[in-house]
Amino acid sequence: MIQTLTIDPTPFILISWLASALLLGGLAVHALLAARRRTDEESRQ
Amino acid sequence: MAHFFSRLANPDLFMRVTRPLVPVFGLGALALLVTGTILAFFFSPPDYKQGESVRIMYVHVPAAWLALQTYAGLAIAAFVGFVWRHRLADIVARESAPIGAAFTLLALLTGSLWGKATWGVYWDWDPRLTSMLVLLFLYAGYIVLWRAISNEAQAARATALLAMLGAINLPIIKFSVDWWDSLHQKASVVREGGPSMPASMLWPLFLMALGYMLLSFWYILIRTRTALRSRRNAAAAIMPSVATLEPVSENPV
């Protein structure tokens, strides 16, 4: 007999999507800031 | 072959060719991820067995695919850098590692949450889960090794060896669910007989996967371009002092 789990999946879904958005978004912002910093340094030289 | 890679590995050509690609990949990724998210939450049905928890699939599966794809790209770039000594290939490999590690971490994290919601456990020493954990360690080892060796040429060769050896893990991850008894489900999209899910689930999944892929291309391009610009500036900073030495050598005292 298959036993059905009764856990509410909502927090698991939210954490999964939020973690994905934060981690990938964070990496993207970090890459953008590094490129911006390089441009600023080049314009100062 | 060597000539082809030489042309392709020219930093100036790379900067020229990739300049228009950066905004295309960035905006394309954003559009696909927003559309994919809307479809995943509002237009795809709950699974008949797993219910609403199937919505984790739309971030878990693309993250796992991209973790493998990024490592394959990293290993190929490392191989090209190792064999043909192209610095650009080494830089591409190095800059691919952080986003690949992030995809692997996300695949493990979201898989763990999905596992708890469907299997009742966060973790099991199952072949698929364990081989993905090994992939995360490979990425971490690769990043640390680059930082541990100060000589860039030596670091490139050492990390390339690690990357190429680590590529053995890719088929193990892919076929682990077929080779061994596994708690993890077998392939349900890329398999004989076609996908085992309806179009209403496949579309958001493909859009999210394509969005992740464009995001990874955008990230690798922008990081590689930034690294090349840093190298060019560093070289330019050294050049004037060399130039001032030339007249002295022509007129020895």
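Below or above, wherever it landed, is the structure these notes cover.

**Observations regarding the overall build of chain A**
Stage number 1. Helix and strand content of chain A: one helix and zero strands.
Stage number 2. In chain A, which comprises 45 residues, the share counted as buried stands at 31%.
Stage number 3. Accessible area for chain A stands at about 3400 Å²; split by element, carbon and sulfur atoms hold 65% of it.

**Brief notes about the overall build of chain B**
Stage number 1. Tallying secondary structure elements over chain B gives nine helices and zero strands in all.
Stage number 2. Its helices and strands taken in sequence order, chain B reads α-α-α-α-α-α-α-α-α from the N to the C terminus.
Stage number 3. Principal axes of the C-alpha set define a box for chain B whose edges measure 90 × 35 × 30 Å.
Stage number 4. Considering chain B as a whole, with its 253 residues, one finds that 45% of them fall into the buried category.

**Section: a nonpolar patch on the surface**
Residue and element names in this part refer to chain B.
Stage number 1. A cluster of nonpolar side chains, namely L27, L30, V34, I38, F41, F42 and F43, defines an oily patch on the protein surface of about 760 Å² accessible area.
Stage number 2. Within the fold, L27 resides in helix α3 (residues 21-43).
Stage number 3. Under the relative-accessibility criterion, L27 is labelled exposed at 60%.

**Overview of the interface of chain B and chain A**
Stage number 1. Each partner contributes to the interface: chain B provides 35 residues, whereas chain A provides 23 residues.
Stage number 2. Contact between chain B and chain A buries roughly 2500 Å² in total, counting both sides, with carbon and sulfur atoms accounting for 75%.
Stage number 3. Summed over the shared surface of chain B and chain A, the number is one salt bridge.
Stage number 4. The partner of E42 of chain A in a salt bridge is R229 of chain B, and the shortest N-O contact between them spans 3.2 Å.
Stage number 5. Between the two partners, chain B and chain A, sit four residue pairs in polar contact (both at pLDDT 80 or more).
Stage number 6. Elements supplying a minimum of two residues to the side of chain B that touches chain A: α3, α4 (57-84), α5 (87-118) and α9 (199-250) of chain B.
Stage number 7. In terms of residues, the side of chain B that touches chain A owes the most to one element, α5 of chain B, which gives twelve residues.
Stage number 8. In terms of residue class, the side of chain B that touches chain A is built from 22 nonpolar, eight polar and five charged.

**Topic: unusual backbone geometry**
In most cases, non-glycine residues show a negative phi, while peptide bonds are predominantly trans.
All names here are of chain B.
Stage number 1. Although it is not a glycine, R85 sits at a positive phi angle of roughly 55°.
Stage number 2. Along the chain, R85 turns up in the loop between α4 and α5.
Stage number 3. Take R85: its relative accessible area is 55%, and that puts it in the exposed class.

**So, the pattern of salt bridges**
All names here are of chain B.
Stage number 1. Applying the stated rule across the entire model yields nine salt bridges over all chains.
Stage number 2. Taking the shortest distance from any N to any O, the salt bridge between E152 and R87 comes out at 3.0 Å. One end of the pair, E152, is in helix α7 (residues 152-166); the other, R87, is in helix α5, and 65 residues separate them in sequence.
Stage number 3. Among the residues examined, E152 registers a relative accessible area of 29% and is labelled partly exposed.
Stage number 4. With a relative accessible area of 28%, R87 lands in the partly exposed category.
Stage number 5. Among the ionic contacts, a cluster of salt bridges with common partners joins R87, D90, R94, E95, E152, R223 and R231.

**Overview of the packing of aromatic side chains**
Residue and element names in this part refer to chain B.
Stage number 1. As enumerated under the stated definition, the model contains nine aromatic pairs over all chains in all.
Stage number 2. Between F79 and W84, the ring centres sit 6.2 Å apart and the planes meet at 85°, which makes this aromatic pair edge-to-face.
Stage number 3. Judged by relative accessible area, which is 39%, F79 ranks as partly exposed.
Stage number 4. Three or more aromatic residues joined by ring pairs make a cluster, and in this case those are F175, W179 and W180.
Stage number 5. Across from the ring centre of W146, 5.2 Å away, lies the NZ or CZ of R94, which sits over that ring.
Stage number 6. The aromatic ring of F82 is capped on one face by R157, whose charged end is 4.3 Å from the ring centroid.

**A closer look at the nonpolar core**
Stage number 1. The biggest cluster of nonpolar side chains holds 78 residues, and the ones touching the most others in it are M57 and Y212 of chain B.
Stage number 2. Examining the composition of this core, we find that 15 residues originate from one element, α9 of chain B, more than from any other.
Stage number 3. When sequence neighbours within four positions are dropped, the list of residues in contact with Y212 of chain B reads S20 and L24 of chain A together with L33, V59, P62, A63, L66 and F103 of chain B.

**Some points on the packing of helix α6 (residues 127-148) of chain B against α7 of chain B**
Residues and elements named next belong to chain B.
Stage number 1. Closest axis-to-axis distance for the α6/α7 pair is 9 Å, and the angle between their directions is 170°. By the angle class used here, α6 and α7 are roughly antiparallel. Between α6, through L138, G141, Y142, L145 and W146, and α7, the contact on the second element is made entirely by E152, A155, A156, A158, T159, L162, A163 and G166.
Stage number 2. Of the residues assigned to the contact of α6 with α7, the class counts are nine nonpolar, three polar and one charged.

So, how was this worked out
- Residues numbered from 1 in each chain as written.
- Chains lettered and ligands numbered in written order.
- Predicted model: local features only at pLDDT ≥ 70, side-chain atom pairs only at ≥ 80, totals over all residues.
- Heavy atoms only, no water.
- Helix = DSSP H or I, 4+ residues; strand = E, 2+ residues; numbered from the N terminus.
- Buried < 20%, exposed > 50% of the residue type's maximum accessible area, 1.4 Å probe, protein only.
- Areas by Shrake-Rupley, 256 points an atom, 1.4 Å probe, with all protein chains shown as cover.
- Patch = residues over 30% accessible without salt bridge, like charges linked within 9 Å, V, L, I, M, F, W, Y side chains within 5 Å.
- Salt bridge = Lys/Arg side-chain N within 4 Å of Asp/Glu carboxyl O.
- Contact = heavy atoms within 4.5 Å.
- Buried area = accessible area lost by both parts, 1.4 Å probe.
- Polar contact = N/O pair within 3.5 Å; in protein donor to acceptor, adjacent residues only side chain to side chain.
- Nonpolar A, V, L, I, M, F, W, Y, C, P; charged D, E, K, R; others polar.
- Phe/Tyr/Trp six-rings, centres within 6.5 Å; stacked < 30°, edge-to-face > 60°.
- Lys NZ or Arg CZ within 6 Å of the ring centre and 35° of its normal.
- Core = buried A, V, L, I, M, F, W, Y, C linked by side-chain atoms within 4.5 Å.
- Axes fitted to C-alpha atoms, helices over the stretch in contact; angles between N-to-C directions.
- Parallel < 35°, antiparallel > 145°, perpendicular 65-115°, else oblique.

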